[in-house]
Amino acid sequence: MHQHPHTQRRTRSLSSALAAVAVLVGIGLGPTPGAHAADNPYERGPAPTHASIEAVRGPYAVSQATVSSLAVTGFGGGTIYYPTTTSDGTFGAVAISPGYTGTQSSISWLGPRLASQGFVVFTIDTNTTLDQPDSRGRQLLAALDYLTRVSPLRTRVDSTRLGVMGHSMGGGGSLEAAKSRPSLQAAIPLTPWNLDKTWPEIQTPTLIVGADGDSIAPVSSHAEPFYENLPSSLDRAYLELNGASHFAPNTSNTTIAKYSISWLKRFIDNDTRYEQFLCPLPRPSLTIEEYRGNCPHQS
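Rules behind the numbers
- Residues numbered from 1 in each chain as written.
- Predicted model: local features only at pLDDT ≥ 70, side-chain atom pairs only at ≥ 80, totals over all residues.
- Heavy atoms only, no water.
- Salt bridge = Lys/Arg side-chain N within 4 Å of Asp/Glu carboxyl O.
- Helix = DSSP H or I, 4+ residues; strand = E, 2+ residues; numbered from the N terminus.
- Buried < 20%, exposed > 50% of the residue type's maximum accessible area, 1.4 Å probe, protein only.
- Expected span 1.5 Å × (residues − 1).
- pLDDT = per-residue confidence, 0-100.
- Contact = heavy atoms within 4.5 Å.
- Core = buried A, V, L, I, M, F, W, Y, C linked by side-chain atoms within 4.5 Å.

Tallied over the full model, the rule gives 14 salt bridges. For Glu201, the salt bridge is made with Lys179, and the minimal N-O distance between the two is 3.6 Å. In this pair, Glu201 is assigned in the loop between strand 6 (186-190) and strand 7 (206-211) and Lys179 in helix 6 (residues 169-180), connecting sequence segments 22 residues apart. Relative accessible area serves as the criterion here: at 34%, Glu201 is assigned to the partly exposed category.

If you check helix 5 (residues 133-149), its first and last C-alpha atoms are 24 Å apart, about what 17 residues at 1.5 Å a residue would give, namely 24 Å. By the criterion of burial, helix 5 is predominantly enclosed, with 14 of the 17 residues buried.

On to unusual backbone geometry, then. Residue Pro280 is reached from Cys279 by a cis peptide bond, and omega for that bond is 0 degrees. Mapped onto the elements of the fold, Pro280 is located in the loop between helix 8 (254-268) and strand 9 (288-293). Of note, the bond from Cys295 into Pro296 is cis; its omega dihedral lies within 30 degrees of zero at -10 degrees. In this fold, Pro296 is placed in the segment after strand 9. In this structure, Thr101 is a non-glycine residue whose phi angle is positive, near 70 degrees. Among the structural elements, Thr101 can be located in the loop between strand 3 (91-97) and helix 4 (110-115). The backbone phi angle of Ser168 is positive, close to 60 degrees, even though this residue is not glycine.

A few words now on the confidence of the model for the protein. Confidence along the protein averages 90 in pLDDT terms, with 87% of residues attaining 70 or more. Under a pLDDT of 50 for its full length, residues 1-37 has, in the predicted model, 66 contacts with residues more than four places off or in other chains.

Considering the arrangement of structural elements, one finds Leu141 in helix 5. Judged by its relative accessible area of 9%, Leu141 falls in the buried class. It is 9.7 Å that separates the C-alpha atoms of Leu141 and Leu184, two residues lying 43 residues apart in sequence. Excluding its chain neighbours within four sequence positions, the residues that come into contact with Leu141 are Ala177, Ser180, Arg181 and Leu184.

Phe75, Ile80, Val120 and Phe122 are the most contacted members of the largest nonpolar core, which has 38 residues in total. Secondary structure elements with two or more residues in this core: strand 2 (78-83), strand 3, strand 4 (120-124), helix 5, strand 5 (157-167), helix 6 and helix 7 (223-228). At seven residues, the largest contribution of residues to this core is made by helix 5. Not counting the four nearest positions on each side in its chain, Ile80 is found in contact with Ser63, Gln64, Ala65, Val67, Val120, Val121, Phe122, Tyr146, Leu147, Ser151 and Leu153. Listed in part, the 36 residues of the second largest apolar core include Leu239, Ala248, Trp263 and Ile268.

Right, here's the structure in full:
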């Protein structure tokens, strides 16, 4: 019998539970609860605070590697950002696609910001800047396959703990990727655009980020129906940015970073230390117009 991905996640988080304690001490950046770490071998980094997930850089020093489009197939190359240390074992990974007419430079700020929190991050270029969401979804998966199977950094990545993100048509592409690969652990579409409005097939925990001032992919016809048409049983959330445009994900944004980090940690790393930032649901604020979701999370 095929095991549901959510069951697989729970099983993984409950098994092989003794491996991580030794590698999670000695970072010198705050307390790490050793007993809790023993329960979850995927935890990385010290116990989080609001300040730590809002910071421009997290606890890990970051290196980067350029991937030429000539060296890959299925996507347009990109940049891999990764924690420099090899003493903490492998890390989960996320591939990120730019939007229509965009290049990786438009989402590059997310690379070091997420990697410094304990992820391998692959910001990609698409084959052409005009590729549609379904193509961008396939390219995100091709990038993850390259990262985990071919890349010189593959030994730093846990190939069972992967996610996707994307801006605009890249956000629509991240939904396409999750639809076609249910084993993905997290998806975060950022001000996403897609002609397909219904996503009943998705089994990947999904955080959709919309912007109240988006005139290119208005939330009423894109982000909101995407969220509402995800399975109601799914761990899902909808974050609408206040006073923001379609291009909010193209520059450093603390609100996007804070909740993206929390979502990736919670679902790629099964790190329940980050549940506190997602449940109870964040309240409207100067930067949050609205937040919807299910709590507590089931995955």
